[in-house]
Amino acid sequence: MSKILAVDDSASLRQMVCFTLKEAGHDVVEAADGAEALQFARGSAVDLVISDVNMPQMDGITLVRELRGLPEYRFTPILLLTTESADDKKQAGKAAGATGWLVKPFDPETLLSTIKRVLG
Amino acid sequence: MSVDLSQFVQAFLEESFEGLDRMESELLGSDILDSAPDEERGGERINTIFRAAHSIKGSAATFGFAAVGEFTHGVETLLDQIRDGRRPLTEEGRALLLEAVDRIRDMLSAARDGTEHDAHGVERTREAIAALLADAPPGPEAAARSAATAAPAPQGAEDAALWRIEFAPHRGLLGTGNDPLRIFAYLRDLGELSVTCDAAELPAVDALAPESCYLRWTLELRGAASEADIREAFEWVAEDCDLAITGAARPEVARADVTPNRAAPPDVTPPDVTPGKPTAAAKPRANDTSVTTRAAAPAAADAAPEATPAAAPAAADEAPVASTTAAPGGADAAAVDRRRKPPVDRRADSSSIRVAVEKIDALVDLVGELVISQAMLETIGGSAEPEDFDAVRVERLRQGLAQLERNMRELQEAVLSVRMIPISFVFSRLPRLVRDLESALAKKVRLVIEGEETELDKGVIEKLVDPLTHIVRNAVDHGIESPAARAAAGKPETGTLKLRARHQGGNIVIDIEDDGAGLDRERLLRKARERGIPVPENPTDRDVWQLIFAPGFSTAEAITDISGRGVGMDVVRQNIESINGRLDIESTAGAGTKLTIRLPLTLAILDGMSVRVGEEIFILPLTAILESLQPRPEQLHSIGGRGRVVRLRGEYLPLVSLSDVFNLPGRSGKAEEGIVVVVESAKDRAALFVDELIAQHQVVIKSLETNYRRVPGISGATIMGDGRVALILDVDALTQIH
Amino acid sequence: MSAAELQHGQLSAENRRELLTFRLGEEEYGIDILSVQEIRRYEAVTRIANTPEFIKGVINMRGTIVPIVDLRIRFALGNVTYDEFTVVVILNVADRVVGIVVDAVSDVIAIDAEALRPAPEFGAHLDTDYLDGLATVDERMVIIVDIEALITTPELGLIDDASSAA
């Protein structure tokens, strides 16, 4: 079981991600935007962060940059949820230190097979 | 594992509708046009709009609304260009985006209700957006994408091709959270993998930066995987490594090539350094100990489950396919969408409510206080014997009861506040409406909204949508003049329509005020005569204005598409009165018209006046009461020995004796000994004759029909302080009795 | 052991009906105990205008508005007085709560459905439409009423025509 921080301003997508991960036996913490996620991350470490890119308050790319600045998160896998058109976002995410990405739309199976790539 | 996605569809729809509302209201912001993205307000608006579109697009296909996702993609692209400053937001673009918002709303509502959406309309809008996008020089992103999509064809023709992969991570690869071992694990799923590690660059321990990656690997993969499959494994580290993938026809040769160069010197002892984080050190260490020799590699490959060849890439492929099938014919794709998706329970639309956490917290606090009060009363009286109640204890009991009463009142308010939502729920639809009317009617209107944070009961708000929409439509259509006519009258070409909501006592008051032509007294009177609508003798302005509420009255010279929708102001007024509201009108020729809606804050509570008739107590809604007076004998007249009237400032109002109406025993005696209450309904005014006015109360409305039936002249019941039932008078019906 | 129990003791459970019996004048009536919600004292009602005399009005029962029907007036039985012994039987039938005023509640009895005898035409008092039949208990005759049919009959005017049609 891994501890996963799921960040998305869309409640439905966040619910889906959390539900899927919980069903797969993971421990999931939710955050509705980057600021909320960072707030949480300052207090505790997780095994994986999955974050949307476009969010109010703090976007996903800023979040990645901020997280990489925290000692506990230097090597933590961080996956960004992007859309197929957002190549520039992928690159910006990578530049900020994201581990990889998950292209929307995705289904629960894709989500699980993708996180296997970083959780081993 | 299979997850039932339908459970999230409701949430998806709710947030999408909210997002659409947000898009719409931001698009209608006056400062959005031509504002550069870096400008504070306009830029933030565009960002908000973009995020909403982006969310809908991202989630739609995930939850099975592929056609919505595909359609929204174009919208998002357009918004992205505007957001990045690559394209200005023109008036045309705004209109198109608003249209797109409607289309998405239509598609989602249709999916929710299991009905058809306007597929042709959607297609038209999609094409318009595509045309607009094609108009501009392609953004850098589009070019990049077309270059990236050309994936090299797999080189090995045989089923079990042999691939050689030279993988040289850059030093910082670990800093992205990626781990070469996990990549190898992924590759193992694609075929038979052998791994050779080259630790030649590994520095001496004292020079080693534990977070850097010094190793490089040569891998051989035998399997049906294509080069694209392999590249996918390295997708996330493509920028953080040097990667060479070559197909080898004859495995033996390839292997021979590899061996001499990449002999691993396994003499490196794991660095015994303690960095900030143990896992950081563990990574490089794991890398060189576990996969250092070729001998170890096949074993590792064997250990990988064989039953899952290429499972992961196949799953990953599915998503793009799902979204592109929707692309060609919006209509076809939508039809498929609809067949697959059962209609979502639509009740949730109006039967669920979003409540701010603070409100819930307040409730919890109040319940806590209630428990304390109860405990306090328990200690005072719980085990006391009658003889224990001395003056002190009685006084404490009284205090406890007072505290309990306060708690209850606060709790009642807090519970009702849960049902309260801001009136912006209705107001937010109006800018769009006004804008559409402006273009349809070639008028210029500035809409001013005040007090949109004013809260009222959800039930009231829902019933307010139609009347308010109609009033606003009417004001723009009939009230505000054409720019030319305004200029001729010496007014600014742009008319002003002001909407203002505010609390006043236990009511909410909404003004809808325009600076248009005002009502035309003579024309209204002429119209009324033409339509056979009764007009009082020497009508006051007020009487004339009331004519527009008469059934079947319409002042438009031609029934326009805008206002002529089969709903007259009479219906508007009835709707408002059905929620115990009141509609008043004021107008000044040439200067404009003001409609005022007065509403109770909640449907469950009524501001009432209790009146006594004989021995019975009735409740009159305060909103219906114009005035009350003790009539002088000379004000009372009888007509034909049957009906009686009361003369009030030159007007004769029918006198309705409640004791007669309700056949109550008691004196139907001299009117001058009682009280006359002048009430007004949608249809008429009347003077109700009662024995006594008792007090004003807020009463909780109870239905008589739950266990009984409708009673003529009675709209409901309530429970008074002494536990008895009092009936609430139906003013509408009472004014019709005479 | 009462005569009723002796008489019906050996009968199978599914044929037994439990009834609440009450008096209207000299007559004893029985209604299905499952339709009875509670029994309470008569209290002051709020009159409703222009209704037949047997509709006494409405009362507040813990926040619910409940109409009260005086069956004694409706069937012209017994002395119509209201005092501290006057009893209201609160019924829950056809998704409604309705109170009926009776002279006195007598007993809860169990009878065998097969022991019911068809009621002859009653004429003025009670329409046979809402009579299940007659039973004999302890040598007394009990008139078994189909209380739901009685309460929902349009004749009583307790329910809107529209809602009774629905």
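If you're wondering where the values come from, they're calculated on a predicted model, not measured in any experiment.

Moving on to the overall build of chain B. When its secondary structure is counted, chain B shows 25 helices and 22 strands. Within chain B, the proportion of its 738 residues that are buried is 35%. Considering only residue pairs separated by 6 or more positions, chain B has 72% of its internal contacts joining residues 24 or more positions apart.

Moving on, we come to the sheet that holds strand β4 (residues 55-61) of chain C. Residues and elements named next belong to chain C. What the five strands build is an open sheet, ordered β3-β6-β7-β5-β4; its pairing is mixed. In the strand order of this sheet, the two ends are held by β3 (36-41) and β4, each with one partner. Within the sheet, the average angular offset between the axes of one strand and its neighbour, ignoring direction, is 30°.

A few words on the interface of chain C and chain B. Chain C puts 20 residues into the contact, and the matching count from chain B is 20 residues. Broken down by element, the residue count for the side of chain C that touches chain B peaks at four residues, all from strand β5 (residues 64-70) of chain C.

Turning to the nonpolar core, a few remarks are in order. Formed by 79 residues in total, the largest nonpolar core has its most connected members in F618, L620 and L688 of chain B together with V58 of chain C. The residues contacting V58 of chain C, other than those within four sequence positions of it, are L704, Y708, A717 and V725 of chain B together with V45, T46, I48, I65, V66, P67 and I68 of chain C.

A few words now on the confidence of the model for chain B. All names here are of chain B. For chain B, per-residue confidence averages 75 on the pLDDT scale, and 76% of positions sit at 70 or higher. Within the model, pLDDT remains below 50 along residues 137-158, and this stretch shows 19 contacts once partners closer than five positions in the same chain are excluded. Segment residues 555-566: pLDDT under 50, and 20 contacts once partners within four positions in sequence are set aside and those in other chains are kept.

Attention shifts here to unusual backbone geometry. Apart from glycine, the bulk of residues carry a negative phi angle, and the bulk of peptide bonds sit in the trans form. Of note, the phi angle at A442 of chain B is positive, near 55°, even though the residue is not glycine. Locating A442 of chain B in the fold gives a position in the loop between α18 (430-441) and β6 (445-450). The phi dihedral of E139 of chain C is positive, around 70°, even though this residue is not glycine. Judged by the 6 C-beta atoms lying within 10 Å of it, E139 of chain C is exposed.

Let us now look at the sheet that holds strand β22 (residues 725-729) of chain B. Within a sheet, each strand pairs with its neighbour through backbone hydrogen bonds, oriented either parallel or antiparallel. Residue and element names in this part refer to chain B. In space, the five strands of this open sheet follow the order β20-β12-β13-β22-β21, with mixed pairing throughout. One side of each edge strand has no neighbouring strand; the edge strands of this open sheet are β20 (692-700) and β21 (714-719). Adjacent strand axes in the sheet meet at a mean angle of 35° when their direction is disregarded. Sheet topology places β21 next to β22; five bridges connect them, and they run antiparallel. What sits directly across from A717, in β22, is L727.

Attention now moves to the environment of G532 of chain B. Residues and elements named next belong to chain B. By the secondary structure assignment, G532 is in the loop between α21 (521-530) and α22 (541-546). By the C-beta count within 10 Å, which is 7 here, G532 ends up exposed. Separated by 21 residues in sequence, G532 and F553 have C-alpha atoms that sit 9.9 Å apart.

Before going further, it helps to spend a moment on the pairing of strand β2 (residues 27-32) of chain C. All names here are of chain C. In this sheet, β2 lies alongside strand β1 (residues 16-24) in antiparallel orientation, the contact comprising six bridges. Each bridged residue has a counterpart across the sheet, and for L24 the counterpart in β2 is E27. Pairing of β2 with strand β10 (residues 140-145), which is carried by three bridges, proceeds in the parallel orientation. The residue of β10 that forms the bridge with E28 is V142.

All names here are of chain C. Turning to its location among the elements, D146 is positioned in the loop between β10 and α3 (147-152). For D146, a count of 18 C-beta atoms within 10 Å translates into the label partly exposed. A C-alpha to C-alpha distance of 7.8 Å links D146 and D32, two positions 114 residues apart in sequence. Excluding its chain neighbours within four sequence positions, the residues that come into contact with D146 are Y130, L131 and D132.

What follows concerns the packing of helix α19 (residues 458-479) of chain B against helix α23 (residues 569-578) of chain B. Residue and element names in this part refer to chain B. Their axes nearest at 9 Å, the elements α19 and α23 cross at an angle of 150°. The pairing of α19 with α23 is recorded here as roughly antiparallel in orientation. Where α19 crosses over α23, the handedness of that crossing is left-handed. Contacts between α19 and α23 pair K463, D466, P467, H470 and I471 from the former with V572, N575 and I576 from the latter. Of the residues that constitute the contact of α19 with α23, the class distribution is four nonpolar, two polar and two charged.

Before going further, it helps to examine the pairing of strand β3 (residues 48-52) of chain A. Residues and elements named next belong to chain A. The element β3 is largely enclosed, with a buried count of five among its five residues. Relative to β3, strand β1 (residues 3-7) runs parallel, the two being bridged by four bridges. Residue pairing in the sheet places I4 in a bridge with L48 of β3. For β3 and strand β4 (residues 78-83), the ladder comprises four bridges, and the chain directions are parallel. For S51, the partnering residue across the bridge sits in β4 and is L80. In this region the chain leaves β3, passes through helix α3 (residues 60-68) and returns to the parallel neighbour β4; the handedness of that crossover is right-handed.

Rules behind the numbers
Residues numbered from 1 in each chain as written. Chains lettered and ligands numbered in written order. Predicted model: local features only at pLDDT ≥ 70, side-chain atom pairs only at ≥ 80, totals over all residues. Helix = DSSP H or I, 4+ residues; strand = E, 2+ residues; numbered from the N terminus. Buried ≥ 20, exposed ≤ 12 C-beta atoms within 10 Å, placed from the backbone. Contact = placed C-beta atoms within 7 Å. Pairing = 2+ DSSP bridges. Axes fitted to C-alpha atoms, helices over the stretch in contact; angles between N-to-C directions. Core = buried A, V, L, I, M, F, W, Y, C linked by C-beta atoms within 7 Å. pLDDT = per-residue confidence, 0-100. Parallel < 35°, antiparallel > 145°, perpendicular 65-115°, else oblique. Left-handed = near helix turned anticlockwise from the far one by under 90°. Nonpolar A, V, L, I, M, F, W, Y, C, P; charged D, E, K, R; others polar. Right-handed = clockwise from strand over helix to strand, strands pointing away.

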